[in-house]
Amino acid sequence: MKRRSLPVAAALAATAALLLTACGGGDDSSKDSDKIAGADTGETTASASPSASATTSSERPKVTLPGDVTNVFESWTTGDATKDAVLEDTSRRIDALDYAITQSDADEPVLGFYYKEDALVGASQWVKEFEDAKKSMTGKTRYFKPSVDVYAKGKATLTYCSFEGEAYVKDRATGKAEKTPVTDKSYLLYSTRLELSDKGVWQTAVLNSERGNSACTP
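What comes next concerns the included structure.

Reading the values: the criteria
- Residues numbered from 1 in each chain as written.
- Predicted model: local features only at pLDDT ≥ 70, side-chain atom pairs only at ≥ 80, totals over all residues.
- Heavy atoms only, no water.
- Disulfide = S-S within 2.5 Å.
- Helix = DSSP H or I, 4+ residues; strand = E, 2+ residues; numbered from the N terminus.
- Buried < 20%, exposed > 50% of the residue type's maximum accessible area, 1.4 Å probe, protein only.
- Expected span 1.5 Å × (residues − 1).
- Polar contact = N/O pair within 3.5 Å; in protein donor to acceptor, adjacent residues only side chain to side chain.
- Core = buried A, V, L, I, M, F, W, Y, C linked by side-chain atoms within 4.5 Å.
- Contact = heavy atoms within 4.5 Å.
- Salt bridge = Lys/Arg side-chain N within 4 Å of Asp/Glu carboxyl O.

In this section: the state of the cysteines. Enumeration according to the criterion identifies 1 disulfide in this entry. Note that cysteine 161 is cross-linked by a disulfide to cysteine 216, the S-S spacing being 2.0 Å. Given an S-S torsion of about -75°, the disulfide between cysteine 161 and cysteine 216 has left-handed geometry. With a gap of 55 residues between them, cysteine 161 in strand S8 (residues 155-171) and cysteine 216 in the segment after strand S11 (202-211) connect regions that are remote in the sequence. The burial state of cysteine 161 is the same as that of cysteine 216; both residues are buried.

Written out as structure tokens, the structure reads:
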């Protein structure tokens, strides 16, 4: 999706079938995407309640994902402090989006902490699609091959891949996962642009995604 970053590569059915658009947390993703906008290598499950607001540059809202939702970030460190900060806030942004989806809340405040401008609009719209379809998400999404470029003070671009073959749309009423077969479309390439906020948070302003890109498929 263009401004969405859901880590679910399944089909989201409202009336018919609605393809999930990935955007690692933002909303500026491509038509073939299936997610919105992904710190250290390993599984990241945020901790505590996400609605808390940050008051200093070092504080971040605490987000706790449901036990059946897992995001894994591989090789998510570079050794460069600035680049690693970009990656850390991106992983938090991805968790924030997934949290909003599982809570069925397009107005979840944590989205505005890590998204801005077009990406924020896209992320909210993506969550709303889940709300309207009475769907949630479940499973594991893997994020890998990050590439960060801090091209100016407080400005950066980040591309990364995701594998959604073990992440699925879930019906809220029945709790049943809508499993789909793994194909090249289960892999997504994300292209994002970030800006450093006055609170010291790397916010995603633009987010695009493309399914089945050869840079991410095996």
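This brings us to helix H1 (residues 81-103). Helix length check: H1 (23 residues) gives 33 Å between terminal C-alpha atoms against 33 Å at 1.5 Å per residue, within 8%. One side-chain oxygen of the residue at the start of H1 lies 3.1 Å from the amide nitrogen of threonine 82, identifying that residue as aspartate 80.

Counting residues in each nonpolar core, the largest one holds 37 residues, and the members touching the most others are Val86, Leu97, Ile101, Tyr115, Val127, Leu158 and Tyr160. With 8 residues, H1 is the single largest residue contributor to this core. Among the nonpolar cores identified, the runner-up in size contains 6 residues, and Phe144, Phe163, Leu189 and Cys216 belong to it.

Structurally, glutamate 195 can be placed in strand S10 (residues 187-196). On the basis of relative accessible area, glutamate 195 is assigned to the buried category, the value being 15%. Polar side-chain contacts of glutamate 195 include one of 2.7 Å to the side chain of lysine 116. The residues contacting glutamate 195, other than those within four sequence positions of it, are Lys116, Glu117, Gly154, Lys155, Val201, Trp202 and Gln203.

The next thing to look at is the pattern of salt bridges. Evaluation of the coordinates by the stated rule reveals 13 salt bridges. The partner of aspartate 89 in a salt bridge is arginine 92, and the shortest N-O contact between them spans 2.8 Å. Placement of the pair is aspartate 89 and arginine 92 together in helix H1, with a separation of 3 residues, close to one helical turn. Looking at aspartate 89, the relative accessible area reads 1%, which means it is buried. Its salt-bridge partner being lysine 128, residue aspartate 132 comes within 2.8 Å of it at the nearest N-O pair. Of this pair, aspartate 132 and lysine 128 both sit in helix H3 (residues 117-133), 4 residues apart, roughly one helical turn. The class for lysine 128 is partly exposed, based on a relative accessible area of 38%. Overlapping salt bridges, with partners in common, bring together Lys116, Glu117, Lys155, Arg193 and Glu195 in one network.

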